[in-house]
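For reference, the chains in residue letters:
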Amino acid sequence: MEDLKPLFPELNLSRPIIIAGPCSVESEEQVMKTAKELSSNGIRIFRGGIWKPRTSPGGFEGIGEIGLPWLKKVKEETGMLISTEVANKAHVELALNAGVDMVWIGARTSANPFAVQEVADALKESGKDIAVLVKNPVNPDLELWIGAMKRIYNAGIRRIGAIHRGFSTYGKHLYRNMPQWHIPIELQRRYPSLPIFCDPSHITGKRELISSVAQQALDMNFDGLIIESHCDPDSAWSDKNQQITPEVLNVILNTLVVRDETSTTENLTSLRQQIDRINDELLELLAKRMRITCEIGQYKKEHKMPVIQQNRYNDLMERLVKNGEELGMSEDFIKNILAAIHEESVRQQLEIVNGKNKK
């Protein structure tokens, strides 16, 4: 993907490029009210979900093609570019016929090469020059993400960008989808000319965290943000907790700092911020490990097993020291970390065995 073209040549946009609009198109009134408020604040690209893939059946799966004329009206009355998600050939054909300027491929679709190929073939058959953004797959697989974009590229599309929306993980976490920033960073390294957008709405799942994640993305030189904005978020038909009003979005955008990537000090700041994010991820993983530790402690209590299993610990130490050395870390470093983790694990299990831990 060496000969990519600008995504929106008709717009004279500076970094960061902002794409905003509701998670789901619900009514003409909702669409137009939101769009006009966004447009008055300088937003040039409107997003609106027409078709919504849901995890479980029975949920709101989008208003469908009856909402496409509402997007077209946004374009006619505000001059904004319009965009929506597509997942199959029919979606592509209907969206293009409605004059949509940009489509994106969602996380569930990008994880399915057959579905991506169907979309790619439909785009090729249309012969239209359109911008296409590809969200990362739900699972943390960089090659699958790149493969999805290459399918679009092989269909003759040259206006291609990526959307980082985080990765699904099991269990309770601070974020709805874990950022795992090292993955989009590696994508940037491999394809420096590929525009990358951050979707803080889907990463966080919480409107109060959108600003901080948006700033992190800009600190890593992302090209833009795609943020869910609704004129009345608390009444939204889908994902209401991660949507914000156009007014709040305007406040956030006015407080974001766009850093000079050529500054040595700023580069160091960016590296330190990456360290901070990894530290947060380490704490999340340690907390998850301790929750499993407590379950093991409960099992040991019920089966009258000793808390300390020395052979298990010795085998674990030997394996992790070997793996750590292969990854460039010293034996003492790995032993010290594992000893501290083991000590906390034993403490928590002893509390459970002795009836002090109520988890």
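Because the structure is predicted, anything quoted here is derived from the model rather than measured. (Residues numbered from 1 in each chain as written. Predicted model: local features only at pLDDT ≥ 70, side-chain atom pairs only at ≥ 80, totals over all residues. Heavy atoms only, no water.)

Participant: Where do I start with the overall build of the protein in this structure?
Facilitator: Of regular secondary structure, the protein possesses 13 helices and eight strands. Summarising its shape, the C-alpha atoms of the protein cover approximately 70 × 45 × 40 Å along the three principal directions. Put simply, the protein shows about 18000 Å² of open surface, and 52% of that area lies on carbon and sulfur atoms. Measuring between centres, the 45 positive side-chain charges of the protein sit 4 Å from its 48 negative side-chain charges. (Helix = DSSP H or I, 4+ residues; strand = E, 2+ residues; numbered from the N terminus. Areas by Shrake-Rupley, 256 points an atom, 1.4 Å probe, with all protein chains shown as cover. Lys, Arg positive; Asp, Glu negative; His and termini not counted. Charge placed at Lys NZ, Arg CZ, Asp CG, Glu CD.)

Participant: Whenever I open this one, the pairing of strand S3 (residues 81-86) confuses me. Can you help?
Facilitator: As a general feature of sheets, a regular strand has side chains that alternate between the two faces. Within S3, six of the six residues are buried, which leaves the element mostly enclosed by the surrounding structure. Where strand S2 (residues 45-47) lies against S3, three bridges are found, and the strand directions are parallel. Residue pairing across strands places arginine 47 opposite serine 83, the latter belonging to S3. Running through helix H2 (residues 68-78), the crossover from S2 to the neighbouring parallel element S3 is right-handed. In terms of handedness, the path from S3 via helix H3 (residues 89-97) over to strand S4 (residues 102-105) forms a crossover that is right-handed. (Buried < 20%, exposed > 50% of the residue type's maximum accessible area, 1.4 Å probe, protein only. Pairing = 2+ DSSP bridges. Right-handed = clockwise from strand over helix to strand, strands pointing away.)

Participant: How do you make sense of helix H12 (residues 310-326) when you look at a structure like this?
Facilitator: Spanning 17 residues, H12 covers 25 Å between terminal C-alpha atoms, matching the ideal 24 Å at 1.5 Å per step. Listing the buried residues of H12 in full gives Tyr313, Leu316, Met317, Val321 and Gly324. The arc enclosing the buried residues of H12, seen along the axis, measures out at 130 degrees, which places them on a common side. Those residues of H12 that are exposed and aimed more than 90 degrees away from the buried face are Asn311, Arg312, Asp315, Glu318, Lys322 and Glu326. Positive phi appears at glycine 328, one or two residues downstream of H12, with a value of about 90 degrees. (Expected span 1.5 Å × (residues − 1). Arc of directions from axis to C-beta.)

Participant: Would you take a moment to explain the environment of leucine 249 for this structure?
Facilitator: Locating leucine 249 in the fold gives a position in helix H10 (residues 246-255). Overall, leucine 249 belongs to the buried group, its relative accessible area being 0%. When the C-alpha atoms of leucine 249 and alanine 20 are compared, they prove to be 8.8 Å apart, with 229 residues separating the residues in sequence. In contact with leucine 249, other than residues within four places in its own chain, are Ala20, Leu38, Ile227, Ser229 and Ile244. (Contact = heavy atoms within 4.5 Å.)

Participant: Help me understand the environment of isoleucine 278, please; the structure alone is not making it clear to me.
Facilitator: Within the secondary structure, isoleucine 278 sits in helix H11 (residues 264-302). As for isoleucine 278 and serine 238, which are separated by 40 residues in sequence, their C-alpha atoms are 30 Å apart.

Participant: How should I be thinking about the nonpolar core in this particular structure?
Facilitator: As a rule of thumb, soluble globular proteins bury nonpolar side chains together. Formed by 71 residues in total, the largest nonpolar core has its most connected members in Val132, Met149, Ile152 and Leu187. Ranked by residues supplied to this core, first place goes to helix H6 (residues 142-154) with seven residues. Excluding anything up to four places from it in sequence, methionine 149 contacts Met1, Val134, Ile160, Gly161, Ala162, Leu187 and Leu194. With 14 residues, the next largest nonpolar core counts Ile45, Ile163, Phe197 and Ile226 among its residues. (Core = buried A, V, L, I, M, F, W, Y, C linked by side-chain atoms within 4.5 Å.)

Participant: Sorry if this is basic, but what is going on with the pairing of strand S5 (residues 131-135) here?
Facilitator: Along S5, five of the five residues are buried, which leaves the element largely enclosed by surrounding structure. Where burial is concerned, the two faces of S5 agree: the one with Ala131, Leu133 and Lys135 and the one with Val132 and Val134 are both buried. Sheet topology places S4 next to S5; four bridges connect them, and they run parallel. Note on S5: the bridge partner recorded for methionine 102 is alanine 131. In terms of strand pairing, S5 meets strand S6 (residues 160-164) through four bridges, oriented parallel. The residue of S6 that forms the bridge with leucine 133 is glycine 161. Read as a crossover between parallel neighbours, the route from S5 over H6 to S6 is right-handed.

Participant: Got a minute to help me understand the sheet that holds S5 in this structure?
Facilitator: Backbone-to-backbone hydrogen bonds pair the strands of a sheet. The strands run either parallel or antiparallel. Spatially, the eight strands close up into a barrel ordered S1-S2-S3-S4-S5-S6-S7-S8, and their pairing is parallel. Along the sheet, successive strands turn relative to each other by an average axial angle of 30 degrees, direction set aside. (Axes fitted to C-alpha atoms, helices over the stretch in contact; angles between N-to-C directions.)

Participant: Teacher, can you tell me more about a nonpolar patch on the surface here?
Facilitator: Residues Leu327, Met329, Phe333 and Ile337 make up a contiguous nonpolar surface patch of about 380 Å² in total accessible area. With respect to the element layout, phenylalanine 333 can be found in helix H13 (residues 331-353). (Patch = residues over 30% accessible without salt bridge, like charges linked within 9 Å, V, L, I, M, F, W, Y side chains within 5 Å. Salt bridge = Lys/Arg side-chain N within 4 Å of Asp/Glu carboxyl O.)

Participant: Can you help me understand the packing of helix H5 (residues 113-126) against H6 in this one?
Facilitator: When two helices pack together, their arrangement is given by the angle between the helix axes and the distance between those axes. Following both chains from N to C, one finds H5 and H6 inclined at 20 degrees, their axes separated by 8 Å at the closest point. Here H5 lies roughly parallel to H6, going by the angle between them. Relative to H6, the crossing made by H5 is right-handed. Facing H5, whose interface residues are Pro113, Val116, Gln117, Val119, Ala120 and Leu123, H6 presents Leu144, Ala148, Arg151 and Ile152. Across the contact of H5 with H6, the residue classes tally to eight nonpolar, one polar and one charged. (Parallel < 35°, antiparallel > 145°, perpendicular 65-115°, else oblique. Left-handed = near helix turned anticlockwise from the far one by under 90°. Nonpolar A, V, L, I, M, F, W, Y, C, P; charged D, E, K, R; others polar.)

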